[in-house]
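# Results of the structural survey
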Amino acid sequence: MYLTNIFVRRCLKKTILERYQRHKNAVTVFKITSNKYYHQNVADFYAGKSIFITGGTGYLGKAFIEKLLYSTDVEKIYMLIRETQQLTALVRLSDMLENPVFTRIKKEKPKALEKIVPILGDIEKPNLGMTSTDEKTLIDKVSIVIHSAATTKFNEPLLKALQINYEGTRKVLSLCKKIKNVQAYIHISTAYTNTDKNVIEERVYPMPVDVSYIYNELARIGNNKDKISTLLYGKPTTYTFTKALAESLIATEHENIPTVIIRPTMVASSFNEPLKNWTDNMSFHTTILLSGATGLNRVIRGKSSNIVDFVPIDYVTNFTLVAAATLPRSSKLAVYNCGTSSINPIHLDEIFKYFNKANIKFNSNDSRFPKVFIVESELARDILTFITQIIPAYVFDTLLKIKGKQTRYVKLQRKFIYARNKYEYFNRYSWIFKTDKLLDIYKNISEQDRREFPLNLSDIIWPEYMMTYAKAVQELLLTQKKDNKTMP
């Protein structure tokens, strides 16, 4: 018995030692992995590097440029700018820098704006429309490429959307392969590339068709809209379809380039930076909210419980820059969803409730009726629309006629109702966009990076944020009104 106990104790001791050693080894491996991927602060990764960005004059593009200039010591930001007959590249750049998003840069780091270098080009043209001299500059000096240029129009003709979203990506990827010291290619996609699934993982899903087939079919059927819709294979718009094709292209052809695909959901106004309440983008979801708050629209087809995935633009900006900085230096492709549905969801009825409350508060003397009815059936939508929108529109137009003024309400309603019904797909369905990789990055970056590049989406308090969102929209409308008055 005594010998047996000794034998058992020795076996237990050996087992415990083995477990401890395995745990020690596991911890060591974790530390090595963590140090390998997150060994430096995000700002240090970008310090002294030059960046090439497409879509820099767009909503997200401006936010990327501002954040890079403010929070990192980049060497240069080479910015692809398309020239028009009315506006030169330098004029477009100058106009862009007048945007409020650059306010803090001008106050605190005005010389940083000198780091922006315009590159004349066009995403639709061969070789991005660049001169050979500019291309050589990029090949020799750039380390990081951010491809943000895209057509985001839901109703863009398919061939046009392919030329911009798919072929444009192919051209940028081709440039990346020529760059001598490329350390990261950042591709801005959309979370809605795979809406045929209820839960969207952070990976590239295979496309059901090759792009060559799409081109052949387009050549065969021409501009037949009904037949073209069958070529989208269940994707709701030409935008989401061509962005999905671009993801597939990257997955098969990125080769040895460290590549990040970022999939934002519905990008909304800023949460905190570079200033609160900033937007310069009247997107479709913003238009729907505004139309509900002003009484232009009273009816939405969908479910009150559907999750609406809004994400503030500064969170998208921060996460994108952090994700690229922490990307493993390998040929592996990393895909990240950037949204709130799996972390901090808000529902369809709540977004109108909070947004409308904000508008009532800001315009207490307004006689609007900011109530939006959410219905599930098409019949209920049409009946309520007729009662609450079309009949009042005829009444208001009749009053305008009596006063000898130009009628406009019926025409406005017809135009809006058509657009609302055409794209109600995004209200009728609900998705969960997994963000496990985003959470993993957040857990592993330093406290300093968490302060400098906030990306914890759980921090958003929706009633408060939707009020700031409403403020941002109101400020945008005021700015547009002033600009229209100053136009010759």
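Per chain, the residues get numbers from 1 upward, laid out in the order the sequence is written. Local features in this predicted model are restricted to residues whose pLDDT is 70 or higher, and side-chain atom pairs enter the listing and the counts only when it is 80 or higher, whereas totals over whole chains, interfaces and linings include all residues. Note: side-chain values were computed over all heavy atoms of the structure, leaving out hydrogens and water.

## Regarding the overall build of the chain
Counting from the N terminus, the helices are the DSSP runs of H or I reaching at least four residues and the strands are the DSSP runs of E reaching at least two. Helix and strand counts for the chain stand at 19 helices and 13 strands. Evaluated residue by residue, the chain yields a buried proportion of 49% over its 488 residues. Any two residues having at least one pair of non-hydrogen atoms within 4.5 Å are treated as being in contact. Taking the intrachain contacts of the chain between residues at least 6 apart in sequence as the baseline, contacts between residues at least 24 apart amount to 84%. As presented, the chain carries roughly 24,500 Å² of accessible surface, and 54% of it is formed by carbon and sulfur atoms. Burial here depends on accessible area, computed with a 1.4 Å probe over protein chains only, as a share of the maximum for the residue type. Under 20% is buried, over 50% is exposed, and the range in between is partly exposed. Working definition of accessibility: Shrake-Rupley area with a 1.4 Å probe, residue cover restricted to the visible protein chains.

## Here we look at the environment of Ile164
Its location among the elements puts Ile164 in helix α7 (residues 158-178). Along the backbone, Ile164 and Ala150 are 14 residues apart, and their C-alpha atoms lie at a distance of 6.0 Å. Setting aside its immediate chain neighbours within four residues, Ile164 contacts Ile123, Glu124, Ala150, Thr151 and Thr169.

## With respect to empty space enclosed by the protein
Empty space among the atoms can be located by rolling a probe the size of a water molecule over them. For cavity detection a 1 Å grid was placed over the protein atoms alone, and a set of points counts as a cavity when a 1.4 Å probe fits there but cannot get out; an open set counts as a pocket when protein lies on both sides within 12 Å along at least five of seven lines, with lining residues being those that have an atom within 4 Å of a point. Grid points are joined across faces, edges and corners, and a volume is the space filled by probe spheres set on the points. What the rule picks out here adds up to two cavities of 30 Å³ or more. Estimates place the volume of the largest cavity at around 50 Å³. Taken together, Ala63, Glu66, Lys67, Arg104, Glu273, Pro274, Ile313, Asp314, Thr317 and Asn318 make up the full set of residues lining the largest cavity. Secondary-structure elements contributing two or more residues to the lining of the largest cavity are α3 (59-71) and α12 (313-325). In terms of residue count, the dominant contributor to the lining of the largest cavity is α12 (four residues). Partitioning the lining of the largest cavity into residue classes produces three nonpolar, two polar and five charged. Computed from the structure, the second largest cavity encloses a volume of approximately 40 Å³. When residues are sorted by character, Ala, Val, Leu, Ile, Met, Phe, Trp, Tyr, Cys and Pro go into the nonpolar class, Asp, Glu, Lys and Arg into the charged class, and all the rest, Gly among them, into the polar class.

## Quick look at the confidence of the model for the chain
Each residue gets a pLDDT score, which is the predictor's confidence in that residue and runs from 0 to 100. For the chain, the average pLDDT comes to 86, and 87% of its residues sit at 70 or higher. Scored below 50 in pLDDT, residues 1-37 shows six contacts in the model against residues more than four places distant or in partner chains.

## Let's talk about unusual backbone geometry
Omega for the peptide link from Glu273 to Pro274 comes to 0°, which places this bond in the cis form. As for its position among the elements, Pro274 is in the loop between β8 (266-268) and α11 (284-294). Of note in the backbone geometry, Asn127 takes a positive phi value of approximately 60° without being a glycine. Summarising the element assignment, Asn127 is placed in the loop between β3 (116-120) and α6 (132-141).

## Things to note about the pattern of salt bridges
Take a side-chain nitrogen of Lys or Arg and a carboxyl oxygen of Asp or Glu: if they are within 4 Å of each other, that pair is a salt bridge. The full count for this structure, using the stated rule, is 23 salt bridges. The network of salt bridges with shared partners includes Glu66, Lys67, Arg104, Glu273 and Glu452.

## Focus: the sheet that holds strand β5 (residues 184-188)
Strands qualify as paired when DSSP identifies two bridges or more between them. Spatial ordering of the open sheet is given by β3-β2-β1-β4-β5-β7-β11, a layout of seven strands whose pairing is parallel. The sheet is open, and its two borders are formed by β3 and β11 (333-338), each paired with just one other strand. Along the sheet, successive strands turn relative to each other by an average axial angle of 20°, direction set aside. Lines are fitted to the C-alpha atoms to define the axes, a helix being fitted only along its stretch in contact, and any angle between axes, read from their N-to-C directions, falls within 0 to 180 degrees. Relative to the sheet, helix α4 (residues 89-96) contacts β2 (76-81) and β3, its axis offset from that of β2 by approximately 115°.

## Comments concerning the pairing of β5
Most of β5 sits out of view: five of its five residues are buried. The two faces of β5 match: Ala184, Ile186 and Ile188 on one face and Tyr185 and His187 on the other face are all buried. Here strand β4 (residues 142-147) runs beside β5; their pairing, made up of four bridges, is parallel. Within the sheet, the bridge partner assigned to Val145 lies in β5 and is Tyr185. A right-handed crossover is one whose linking path, passing over the helix from the first strand to the second, runs clockwise when the strands point away from the viewer. The parallel pair β4 and β5, bridged by α7, forms a crossover whose chirality is right-handed. Here four bridges tie β5 to strand β7 (residues 259-264), and the two strands are oriented parallel to one another. Looking at β7, one finds that Ile188 is bridged to Ile262.

## Let's talk about the nonpolar core
Ranked by size, the top nonpolar core spans 89 residues in total, and within it Tyr46, Phe310 and Met466 carry the most contacts. Ranked by the residues each element gives to this core, the list is headed by α12, at nine residues. Those residues within four positions of Met466 in sequence are excluded, and the remaining contacts are Leu289, Phe310, Ile346, Ile351, Tyr354, Phe355 and Ala358. Residues belong to a common nonpolar core when they are buried Ala, Val, Leu, Ile, Met, Phe, Trp, Tyr or Cys residues joined through side-chain atoms within 4.5 Å. Counting 25 residues, the second-largest nonpolar core is a separate cluster that includes Met130, Ile139, Val172 and Leu173.

## Some points on the packing of α11 against helix α15 (residues 409-422)
Where α11 contacts α15, the two axes come as close as 12 Å, and the packing angle between them is 125°. Comparing the axis directions of α11 and α15 gives the class oblique. α15 is crossed by α11, and the crossing has left-handed handedness. Together, Phe284, Thr287, Ile288 and Ser291 of α11 and Phe416, Ala419 and Arg420 of α15 make up the contact between the two elements. Broken down by class, the residue content of the contact of α11 with α15 amounts to four nonpolar, two polar and one charged. We call two directions roughly parallel when the angle between them is under 35 degrees, roughly antiparallel when it is over 145, roughly perpendicular when it lies between 65 and 115, and oblique otherwise. Two helices that cross are described as forming a left-handed crossing if the nearer one is turned anticlockwise from the farther one by less than a right angle, and a right-handed crossing if clockwise.

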